[in-house]
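Examination of the molecular architecture
What follows is each chain in one-letter form.
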Amino acid sequence: MTDVNAAARAAREAHRDPRGRFGTQPATEADIDLAQDDQTDWRHVRVVVMGRSFTLGDVPGGRLYHGTARPLTPGEELRPGASPANHAQSAHDAVSLTSDPAVANFWARQAAQAQGLDPDQAVVLEVEPVGDVTPWRTCLADQGRSFDLLEARAPSARVLGPRTVQPA
């Protein structure tokens, strides 16, 4: 059995730049590669994560989430610029999405704190992206049989409903 964590650490270390920072790698070895597809449903968009081919719908549970400081109702659309960005690192022209409700919960709590609200009132929403989904950060999951979409961006997203997240 291969130690996935050891392999991940080794791969990460291989991509440090001369100053010890992560994120540099030759374009020919990109961790994420989007394959263009005729299908418009976000679940059918092909993605290559660390050399393995998936579709966006292959994320565990097949659902996407967004964390926010304030509740929204099903059917509402999240749009960039409709409210202040939650964080300085947030894209100002896209809505951030994740396949991991715990990641959405973390960012929702951070947003609530930044806005002077009770972090326990932060909300994780299940959403349906509107427009093209661009993976931003990914990692292999389930021993390489699927992948987690830690962050993706879309032009907007429609709220399907709230998601209860168990405390860590």
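Refer to the structure presented above.
I will try to describe carefully the structure that is included in this document.

Below, the discussion takes up the packing of aromatic side chains. In the structure shown here, the tally under the stated rule is two aromatic pairs. A ring pair is formed by Phe 106 and Trp 107, whose centres lie 5.0 Å apart and whose planes are at 85 degrees; its orientation type is edge-to-face. Residue classification places Trp 107 among the partly exposed residues on the basis of a relative accessible area of 29%. Against the face of Trp 136 rests Arg 153, its NZ or CZ located 3.8 Å from the ring centre.

Now for unusual backbone geometry. Although it is not a glycine, Met 50 adopts a positive phi angle of roughly 50 degrees. Within the secondary structure, Met 50 sits in the loop between strand 2 (46-49) and strand 3 (52-55). Taking relative accessible area as the criterion, Met 50 reaches 42% and is therefore assigned partly exposed. For Gln 143, which is not glycine, the phi dihedral falls at a positive 50 degrees. Mapping Gln 143 onto the fold places it in the loop between strand 8 (134-141) and strand 9 (146-154). Its relative accessible area of 54% is what places Gln 143 among the exposed residues.

Cut-offs used in this document
All residue numbers refer to positions counted from 1 along the written sequence of the respective chain. Thresholds applied to this predicted model are a pLDDT of at least 70 for local features of residues and 80 or more for the giving and counting of side-chain atom pairs; totals over whole chains, interfaces and linings are not thresholded and use all residues. Based on all heavy atoms of the structure, the side-chain values leave hydrogens and waters out of the count. Two rings from Phe, Tyr or Trp (for Trp, the six-membered ring) form a pair when their centres sit within 6.5 Å of each other. Planes less than 30 degrees apart are called stacked, planes more than 60 degrees apart edge-to-face, and all others tilted. When accessible area is computed with a 1.4 Å probe and restricted to protein chains, residues below 20% of their type maximum are described as buried, those above 50% as exposed, and intermediate ones as partly exposed. Should the NZ of a Lys or the CZ of an Arg lie within 6 Å of a ring centre and within 35 degrees of the ring normal, that charge is described as sitting over the ring. In this description a helix means any DSSP run of H or I spanning at least four residues, a strand means any run of E spanning at least two, and both kinds are numbered starting from the N terminus.

The values are spatial; any link to function lies outside them.
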